[in-house]
2 protein chains.
Amino acid sequence: MNEIKIFCPGTVSNVACGFDVLGFCLDKVGDEMIIRRTSKKGIYITKIEGYDLPYETEKNVAGVSALALIEDAKPDCGFEIEIYKKIKPGSGIGSSAASAAGSVFGINELLGRPYNKKILTYFAMKGEAIASKCEHADNLAPAIFGGFVLVKSITPLEILQLPTPDDLYVTVIHPQIEIKTAEARAILPKEIPLQKAITQWANLGSLVHALHSNDYDLISKSLHDEIIEPYRSQLIPHFSDVKKAALKAGALGCSISGSGPSIFSLSKGIKTAKDVEVAINNIYKTTGIEFDMFVCKINTEGMKIIS
Amino acid sequence: MNEIKIFCPGTVSNVACGFDVLGFCLDKVGDEMIIRRTSKKGIYITKIEGYDLPYETEKNVAGVSALALIEDAKPDCGFEIEIYKKIKPGSGIGSSAASAAGSVFGINELLGRPYNKKILTYFAMKGEAIASKCEHADNLAPAIFGGFVLVKSITPLEILQLPTPDDLYVTVIHPQIEIKTAEARAILPKEIPLQKAITQWANLGSLVHALHSNDYDLISKSLHDEIIEPYRSQLIPHFSDVKKAALKAGALGCSISGSGPSIFSLSKGIKTAKDVEVAINNIYKTTGIEFDMFVCKINTEGMKIIS
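Conventions we followed
Residues numbered from 1 in each chain as written. Chains lettered and ligands numbered in written order. Predicted model: local features only at pLDDT ≥ 70, side-chain atom pairs only at ≥ 80, totals over all residues. Heavy atoms only, no water. UniProt positions renumbered as here; feature names shortened; annotations may be inferred. Helix = DSSP H or I, 4+ residues; strand = E, 2+ residues; numbered from the N terminus. Salt bridge = Lys/Arg side-chain N within 4 Å of Asp/Glu carboxyl O. Buried < 20%, exposed > 50% of the residue type's maximum accessible area, 1.4 Å probe, protein only. Pairing = 2+ DSSP bridges. Axes fitted to C-alpha atoms, helices over the stretch in contact; angles between N-to-C directions. Contact = heavy atoms within 4.5 Å. Buried area = accessible area lost by both parts, 1.4 Å probe. Polar contact = N/O pair within 3.5 Å; in protein donor to acceptor, adjacent residues only side chain to side chain. Nonpolar A, V, L, I, M, F, W, Y, C, P; charged D, E, K, R; others polar.

Here's the deal with the UniProt feature "domain: GHMP kinase C-terminal" (unreviewed entry) in chain A
Thinking step 1. According to UniProt, the feature "domain: GHMP kinase C-terminal" (unreviewed entry) maps to residues 208-283 of chain A in the numbering used here.
Thinking step 2. For residues 208-283 of chain A, the end-to-end C-alpha separation is 31 Å, with 54% helix and 13% strand making up the annotated structure.

Structural notes on the pattern of salt bridges
Thinking step 1. The final tally for this structure, using the stated rule, is 32 salt bridges over all chains.
Thinking step 2. The shortest N-O distance in the salt bridge between B:Lys304 and B:Asp27 comes to 3.0 Å. In this pair, B:Lys304 is assigned in strand E12 (residues 304-305) and B:Asp27 in strand E2 (residues 18-38), connecting sequence segments 277 residues apart.
Thinking step 3. Given the relative accessible area of 22%, B:Lys304 is considered partly exposed.
Thinking step 4. The exposure class of B:Asp27 is buried, given its relative accessible area of 17%.
Thinking step 5. Within the structure, one salt-bridge network assembled from shared partners comprises A:Glu3, A:Arg36, A:Glu80 and A:Glu82.

Some details on the sheet that holds strand E7 (residues 168-175) of chain B
For sheets, the rule is that strands pair by backbone hydrogen bonds, running either parallel or antiparallel.
Residue and element names in this part refer to chain B.
Thinking step 1. The sheet built from 4 strands is open, its strands ordered E9-E10-E7-E11 with antiparallel pairing. The open sheet has two free edges, formed respectively by strand E9 (253-256) and strand E11 (291-297), since each of these has just one partner strand. The average angle at which neighbouring strand axes cross in this sheet is 15 degrees, direction not considered.
Thinking step 2. Strand contacts of helix H9 (residues 239-248): E7, E9 and strand E10 (263-268), with the helix running at about 160 degrees to E9, the strand carrying the most contacts.
Thinking step 3. Strand contacts of helix H10 (residues 270-284): E7, E10 and E11, with the helix running at about 170 degrees to E11, the strand carrying the most contacts.

Comments concerning the interface of chain B and chain A
Thinking step 1. Taken together, the contact between chain B and chain A spans 38 residues of the former and 38 residues of the latter.
Thinking step 2. Interface area, chain B with chain A, both sides summed: about 2900 Å², of which 69% is carbon and sulfur.
Thinking step 3. If you sort the residues of chain B by the area they bury against chain A, B:Lys152, B:Leu194 and B:Trp201 come out on top, with a joint share of 26%.
Thinking step 4. Summed over the shared surface of chain B and chain A, the result is 2 salt bridges.
Thinking step 5. When the shortest N-O distance is used, the salt bridge between A:Lys221 and B:Glu158 registers 3.1 Å.
Thinking step 6. Run the count over chain B and chain A and you get 13 residue pairs in polar contact (both at pLDDT 80 or more).
Thinking step 7. For the side of chain B that touches chain A, the secondary-structure elements that each account for two or more residues are E2, strand E5 (148-153), strand E6 (158-162), strand E8 (191-193), helix H6 (194-213) and helix H7 (216-222) of chain B.
Thinking step 8. The element contributing the most residues to the side of chain B that touches chain A is H6(B), with 15 residues.
Thinking step 9. Its residues assigned to classes, the side of chain B that touches chain A shows 21 nonpolar, 11 polar and 6 charged.
Thinking step 10. Note that strand E8 (residues 191-193) of chain A and E8(B) share 3 bridges and pair antiparallel. Looking at E8(B), one finds that A:Ile192 is bridged to B:Ile192.

Set out below in structure tokens:
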């Protein structure tokens, strides 16, 4: 096999009570990449469609993660990468993670899978770091492993795959505004009240238990974030109206995807997820702000080979 | 049935990363109580052996929780309570919780079980509150339900029973010093660093996953507390030596039980738990401080009827 075409899924990180540690993988929404073995050694970004991103390997997240892999693998060949970008950079659903993870996933396939998914995540973190200015894996690991993933720690890298209830659907709205990552980070407090932290870890423990027990009611009771959301939601116009409408339409929970501006809702069943979409659409269509929306299942496979 | 004799187990709360929300139940270590139906209405503490505790119903935790139950149940009789106290008050392994939970558990049995375990926990909280000056349930719920219990919230009361791996054993040392609850509480910070809180909720999420997956290695990696333990361990002489010795002897983790002074270690298998006991004993026997120690299994039943 000298060429592979892959699907690189979008992901939701900072899942409510799981700030910085919990993410899940989206179905249908993602980039495509073609990776081609070349006789010339090195990594070459040969095509980028969809969004304007750097072609220089060292400045492109897919390039940097690929370089990390080949530095270790030292293959007797090189790779060309074509990126068909569909996830808008800065939308909050893991655009850079899809690229960073896609290149290493694809190259690993072409090399006959010398690396496991955890090591691929490690390589991908090198690429993700140039986009987000720090190493984190809560978009990368769900993109690579699929389903719900708890990133227990970065150093050492500890990735835990959690069960994904069958009937869980996601509704995402992406308001077309720009939130600078630096701003989204600067707005967070360095210190938080102990009592709120206790509530947060009770909720995360409960959410993990709920995923294991297939308990949708408990998922709903656990999907709260009293720590980050009150700050970051200020950067997203009409966040509180969207959340109210989503919950009223039957969503199990609703919070900020990544550092925003996208907002995700989780629902039991596709019908409710679509009702939630309609309800949020009704709120946002009156705001004058452009937006995209979609409904999809949780993707339990992660990266997929298209051909 | 007019009389019942029950076993009221000790419990470990504040299980490392699960401060204020996670507890588990001890086997073999606990009080005994005899509860007897009387024609005279009301709750009467008729005997207390072991430790000096108040006989006035309204000042005794077992009395107060029993009053909360009969206020709701309005039975056409009263109850005498005999308390054979074996868990030393203030030891940090749920002495007051054993009493508060025991009386309502026993009365509920004599009344033909009108209440479920969650409601019994609710009544017991009324008794526990007079001992600890605030309502909490992370000793009560494990005493009543058995096993590992996550108290997701107090208002409303949400109790989650977690799986207990079969081969999990506890080693407890109780140094005979007094830690005032007020002091143990006053020493805690009101605000904590966000980064440490993130580590804590990652660890608790991971611990819940580990209990579901029977993953002892992950239990070990998750049993950390960077938030409370650094403060409260200062009140327990030689804590850090005990912890080092326990981990060196093979314990999965070691932290403060409740608000101390007891220290618990969890181990895989009774042999390791006993090795841990020896290692801790070697540390403490040179200190001149009196202490008790025991090794037991996790009790997955909770309260038990003896006769």
